[in-house]
Amino acid sequence: MFTKKKIIAFCCACLVFLAVDIWMFSTVKNSFAKTIAGVAVTLAKTIASSAPGADESVPAWLDHLNTAYPGYSFFYCKGLPGEEGFREMGGDSSLAAYWAQHQSDEVFVKGVESASYLEVYTAPETMKIGAITGSLLFVPIPAETQDSAAGFLLMAADSSASRSFFSLVNALAIIAFVLFALAFGIATFSRDPVTGYVVLALFAIMLTFVAYPLFEAVRLTFITNGRFTFDTWKTILGNNQYLLALWGSIKLGLCTATLSTIIGFVFAFAVSRTSMKGKKFISALATMPVISPPFSLTLSIILLFGNNGLITKQILGITKSNIYGLGGLTLVQTVSMFPIAFMTLQGVLEAIDSTLEDASLDLNASRWQTFRSVTLPLALPGVMSAWLLVFTSSLADFANPLLLAGSYRVLSVEAYIEVTGMNRLNNGSALSLLLLVPTLTAFFVQRYLTNKKSYVVVTGKPSMRLSNLASKGMQRFLSVFIGIVIAFIILLYGTIFAGCFVKNWGIDYTFTLANIPEALTRGKDAMLSTLTLAGIATPIAGILAMVAAVLIVRKKFPGKRLLEALIMTPYAIPGTLMGISYILAFNKPPILLVGTGAILVINYVIRELPVGVEGGVAALRQIDPSIEEAAADLGADQPTIFKGIILPLIRPAFISSMSYTFVRSMTAVSAIIFLISARWYHITIQIYNFSENIRFGLASVLSTALIIIVLLVFGLMRLLVRQSEHLEKTVSIR
Amino acid sequence: MAAQSVPVKLENVSKTFRDPKTKAEVHAVQNANFEIQPGELVTLLGPSGCGKTTTLRMIGGFELPTQGKIFIGGNDVTYLPPNGRETATVFQSYGLFPHMSVEENVAYGLKIRKLPKEEIEARVKKTLELVGLLDLAKRSPGRLSGGQQQRVALARSLVVEPQVLLLDEPLSNLDALLREQMRIEIRRIQKSLGITAIYVTHDRIEAMSLSDRVIVMKDGIIRQIGTPNDIYEKPNSVFVAGFVGKVAFFPVSLDAFNPEGSFRCTLAGRRLNAGSKADDIAIGGTAVLMARPESLSLLPPGEGYADGTVSARVYLGSSVEVYVKTQYGEILVQVDDPAGKKIAGEGEAVSIDFDERLVRILPESKEEKQS
Ligand SMILES: Nc1ncnc2c1ncn2[C@@H]1O[C@H](COP(=O)(O)OP(=O)(O)OP(=O)(O)O)[C@@H](O)[C@H]1O
Ligand SMILES: [Mg+2]
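Residues numbered from 1 in each chain as written. Chains lettered and ligands numbered in written order. Predicted model: local features only at pLDDT ≥ 70, side-chain atom pairs only at ≥ 80, totals over all residues. Heavy atoms only, no water.

A. Highlighting the overall build of chain A. For chain A, the count of helices and strands is 28 helices and twelve strands. When its C-alpha atoms are laid out on the principal axes, chain A stretches across 115 × 80 × 50 Å. Out of the 734 residues belonging to chain A, those deemed buried represent 50%. The contacts in chain A between residues at least 6 apart in sequence include a share of 74% that link residues at least 24 apart. Total accessible area on chain A stands at roughly 34,200 Å², and carbon and sulfur atoms take up 65% of it. (Helix = DSSP H or I, 4+ residues; strand = E, 2+ residues; numbered from the N terminus. Buried < 20%, exposed > 50% of the residue type's maximum accessible area, 1.4 Å probe, protein only. Contact = heavy atoms within 4.5 Å. Areas by Shrake-Rupley, 256 points an atom, 1.4 Å probe, with all protein chains shown as cover.)

B. Highlighting the packing of aromatic side chains. With the rule as written, the count across this model stands at 34 aromatic pairs over all chains. Here the aromatic rings of Phe222(A) and Trp233(A) are separated by 6.3 Å at their centres, their planes lie at 40 degrees, and the arrangement is tilted. Placement of Phe222(A) in helix α6 (residues 193-222) and of Trp233(A) in helix α7 (residues 231-238) is noted, with a sequence separation of eleven residues between them. Where Trp387(A) meets Phe391(A), the ring centres are 5.1 Å apart and the plane angle is 10 degrees; that geometry is what we call stacked. Residue Trp387(A) and its partner Phe391(A) are located together in helix α14 (residues 367-396), separated by four residues, close to a single helical turn. Of the two residues examined, Trp387(A) and Phe391(A), each falls in the buried class. Following the ring pairs from residue to residue traces out a cluster consisting of Tyr98(A), Trp99(A), Phe108(A), Tyr121(A), Phe138(A) and Phe152(A). Looking at Arg270(B), its charged tip hangs above the ring of Tyr305(B), at a distance of 4.0 Å from the centre. In this arrangement the basic side chain of Arg292(B) is found over the ring face of Tyr232(B), its NZ or CZ atom lying 4.1 Å from the centre. (Phe/Tyr/Trp six-rings, centres within 6.5 Å; stacked < 30°, edge-to-face > 60°. Lys NZ or Arg CZ within 6 Å of the ring centre and 35° of its normal.)

C. Main features of the site of ligand 1. Residue and element names in this part refer to chain B. Around ligand 1, the surrounding shell consists of Phe-17, Val-26, Ala-28, Ser-48, Gly-49, Cys-50, Gly-51, Lys-52, Thr-53, Thr-54 and Glu-169. The contact in question runs from an oxygen atom of ligand 1 to an N or O atom on the backbone of Gly-51, over 3.0 Å. Measuring from an oxygen atom of ligand 1, one finds a side-chain N or O atom of Lys-52 at 2.8 Å. Protein chains bury 62% of the 630 Å² of accessible surface belonging to ligand 1 in isolation. Contributing elements (two or more residues each) for the shell around ligand 1: β2 (25-36) and α1 (52-60). (Near = heavy atom within 4 Å. Polar contact = N/O pair within 3.5 Å; in protein donor to acceptor, adjacent residues only side chain to side chain.)

D. Spotlight on the packing of helix α22 (residues 597-621) of chain A against helix α25 (residues 651-666) of chain A. All names here are of chain A. Put simply, α22 and α25 touch, their axes get as near as 9 Å, and they point 160 degrees apart. Overall, the two elements α22 and α25 adopt an arrangement that is roughly antiparallel. Crossing hand, α22 versus α25: right-handed. Contacts between α22 and α25 involve Tyr-604, Arg-607, Glu-608, Val-611, Gly-612, Gly-615, Gly-616 and Ala-619 from the former and Ala-653, Ser-657, Tyr-660, Thr-661, Arg-664 and Ser-665 from the latter. Here the residues of the contact of α22 with α25 sort into five nonpolar, six polar and three charged. (Axes fitted to C-alpha atoms, helices over the stretch in contact; angles between N-to-C directions. Parallel < 35°, antiparallel > 145°, perpendicular 65-115°, else oblique. Left-handed = near helix turned anticlockwise from the far one by under 90°. Nonpolar A, V, L, I, M, F, W, Y, C, P; charged D, E, K, R; others polar.)

E. Fine view of the interface of chain B and chain A. With 33 residues of chain B in contact, the opposing surface of chain A contributes 24 residues. Area buried by chain B at its contact with chain A is led by Asn83(B), Pro98(B) and His99(B), which between them contribute 23% of it. Applying the counting criterion to the chain B and chain A interface returns one salt bridge. With a shortest N-O distance of 2.7 Å, Arg57(B) and Glu629(A) are connected by a salt bridge. Taken together, the elements giving at least two residues each to the side of chain B that touches chain A come down to α1, β6 (87-90), α2 (102-112) and α4 (146-158) of chain B. Each residue belonging to the side of chain B that touches chain A can be placed in one class, and the counts come to 16 nonpolar, twelve polar and five charged. (Buried area = accessible area lost by both parts, 1.4 Å probe. Salt bridge = Lys/Arg side-chain N within 4 Å of Asp/Glu carboxyl O.)

F. Spatial organisation of the domain arrangement of chain A. When its domains are assigned, chain A resolves into domain 1 (4-161) and domain 2 (237-457 + 470-488). Spacing between the C-alpha centres of domain 1 of chain A and domain 2 of chain A amounts to 62 Å. (Domains from an automatic or database assignment.)

G. Focus on the sheet that holds β6(B). All names here are of chain B. Here six strands make up an open sheet; going across it, the order is β6-β7-β8-β3-β9-β10 and the pairing mixed. If you trace the sheet from one side to the other, it starts and ends with β6 and β10 (221-226), each paired once. In this sheet, adjacent strand axes meet at a mean angle of 20 degrees when their direction is disregarded. Relative to strand β7 (residues 164-168), β6 runs parallel, the two sharing four bridges. Counterpart to Val-90 in the pairing with β7 is Leu-167. Its contacts with the sheet place α1 against β3 (41-45), β6, β7, β8 (196-201) and β9 (213-218), and it is angled at close to 150 degrees to β7. (Pairing = 2+ DSSP bridges.)

H. Up close: the sheet that holds strand β19 (residues 349-354) of chain B. All names here are of chain B. With antiparallel pairing, five strands are arranged side by side in an open sheet as β15-β19-β16-β17-β18. Each edge of the open sheet is held by one strand with a lone partner, namely β15 (296-299) and β18 (329-336). Each neighbouring strand pair of the sheet contributes to a mean axis angle of 45 degrees, computed without reference to strand direction. Inspection of the sheet shows β15 paired to β19 by four bridges, in the antiparallel sense. Paired with Leu-296 across the strands is Phe-354, a residue of β19.

This is how it looks when you write it as structure tokens:
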């Protein structure tokens, strides 16, 4: 256990960490000290400008200063020492005594000289003057002409507050070091150091990039000008405009979730309980909106139903149509989110054992009765959870409202405006935290629903044969309904495609190819940087997800539940909150990342990790642990087992986690809109800019390009996963 | 390819699992002490959940003992991970690598050891030959029968020439016939290579027919260690007697201790002498007398130790099993060489007798009455 090599490695690591620790905490202390000094200088200038000209009002002024600024003491001199007309005007007695004793010291001479040049001078050393221990400032009192000093004010500023802050910081630094040494020691000297290191690394990553930013966001809403207050929350909760936005978000969520669940249920029912044709096609098309880039559906809704919309203006001749607002938003969100409900409910319906329905039909219940009394009650928990899923997605949605909200207010956009438009970061983070409340509620209700022992009869594997529960007429009705929805989706995508070739949508519908080269040249940089960063994030997220899954499924270590919770947290956090918390946390030392590409990559990885980890966990649970144990037994160490055994066996999960990360990174908006920089731009933001400037042709071209990329990646993934399908079959063989 | 044989020793080894949810403690293994000689094949035998697998996994390095020390070849390996020990395990579920062919599975351990390619090929070939799988070398393990998979697992463990071979119920997935064949095969290979082996099973026949010595466990505690013969004929408790074979129990009162190591005791008013291995038996108290079916015989009513009526008779060819209902419960009497003998039929009244020299006295036990 305690070998020489390990002890040396341990000591080296401790030294490195100590250096980082000291550097980090000293930057914190320095920046704090600078702020404090800045505050004192500003205060000094304010005071200096309030100095009275007439001698007789000086004592009253000094009295006023003493009462108005506790923790400071003052001593006022007119003129400059050694020059004609120099007079000590009085002030704090101990300061006067200190002055009398030290006035020929080098520091004092220098201070007075600075004051004569109208510059505030702060003595470099901390001094103890009477009851005050702190810094001494030489503050020039300007003459009426403002071009020379009429005198100077000695100002002693107490720094006991910052001294206690410093000792707190020091204590924290020591605690951090001790914790590190402890954890690292355990990891190094335990039986499985590799796992130990990986656990530590994951903890470090998650604490830095999940817990810390969120903490910063919460902290900011309670701190104004360095003080703890409830001001921000009072502003937010007392302001009609913000409450309106909250209500707007909820209202939109209710509409979208309800509509989407209904449509999703119809689709799921048609696919799993009728003999309708073209089920594969329906499923494939219905998943399109999930993977297509943001803004694209909104864009085509605007092209069709906007002020200059093809349908509203050209076909129906309505000049004052208004698609902007709740109606339009519900429409576009429903189209983009009903597939979530569809996929959830399809799983639910397929898991219900059809023999129950057969039994009911056997007892001479009609199909409708069977549906109402058997199928629907059994599916109800699933319906509820589908509804909640859509509800949370609707609340977190940012891209659609950004383009289509008009004067309708929703929280995510409101938070964005507060941050980028008004530069009120505290309000922004408070608003996005507000967004978290319904999201978290829904999240926990859903957890409760899925954990609760419901009476859903799940047979484990989907039944081979599912009952047909629709009568002829019903089936015809369903076909027509689904046909309309599908036609609408095709229409929307067709519009984007057509938009690429139209000169000036809404005004001039002549065919042109000019949009394509222009969009591609103007979007080239954004496209390149998006591809680069998504390409970097993809393998990192994939490997990290699989490593985390292995830890969660196979290893035992203290704090496992906490780590799991930290990894899963970003799943429940709206992108807006994530983005705002990242700018708060990483635009200052010790971790300065704003403006770099790294912050985007990190954001992609952290946000998409939960889905990848879940996939990896599910895949690993299918695999007999003795396969890995056999490899260890034959002499393979942890990294070799991971590379040679685990990764090949969970390849499908690994590939889908990577392609998921890639696609989501390519189509991200809500978080990264806060994090992009001129150097590291994002293609979706470019699409947004084009749309905002009514360059619909260019926006269409970029949207189409993005859709093609996303489809290609998914196609590739399908191909790769299919290749390893033979594997999945043999893995479970014992 | 015989590696030099090494001993394995467990010193006061205990393992306690803590349920993460209920916080309840499970004492899977308690205070295990035993030593296995070089080249010996020892079986861990016991009912389901008695801690056999846990013991084996601690020796293999997959579990860390809560207490105690494990030595292989005289070295303390308690804290070594599996890849640091010269053990090789054949898992109950085989744990074959599904993404590799049979050949690649067997070669894995050698590749990890970074042996030259030619040597790997030669050794893989030799080992596959040994287990009779040479013609299936290119197959994927998913497309093998259970017995073939089992042999791949064995070959994969043997090829690295481990000092200790650990086998966890390797035959439990096979049908009866194949099981018998493989048992003989494993024994043959183990002996020819001289590997120290520990074999886990809950099948007493497997344990008896395979091992040099048997370790009988129950509820995490080792109950007896001995040769199959010892365990069968001279068990030290009612549990061991019942677990390793069919047996009848009679309550007796103990009268005196004979200097040659047997007890004088009384059963149903008749006095007899019987041997014992147990040491916690007090003169004057009561104890249990055990008799194997083959040491029992049938007499006319009133002449033996216990009277009863025949409830069933099963003809097995080389022997006949007669079930007799008595005041001590249903007792099985095995009558060998039935040809030409007159054997009592169903419903007939009989009396059960036995040869004093073949029965043994065991201490009474409270918990094990039902077994
Ligand atoms: N990882 C674990 N966590 C908690 N309890 C465990 C764990 N592994 C084993 N146990 C418990 O320890 C006891 C012994 O288990 P073990 O697997 O050693 O039994 P076994 O003798 O091999 O049984 P079987 O013949 O059924 O394989 C059992 O009660 C089991 O429930
Ligand atoms: Mg077992």
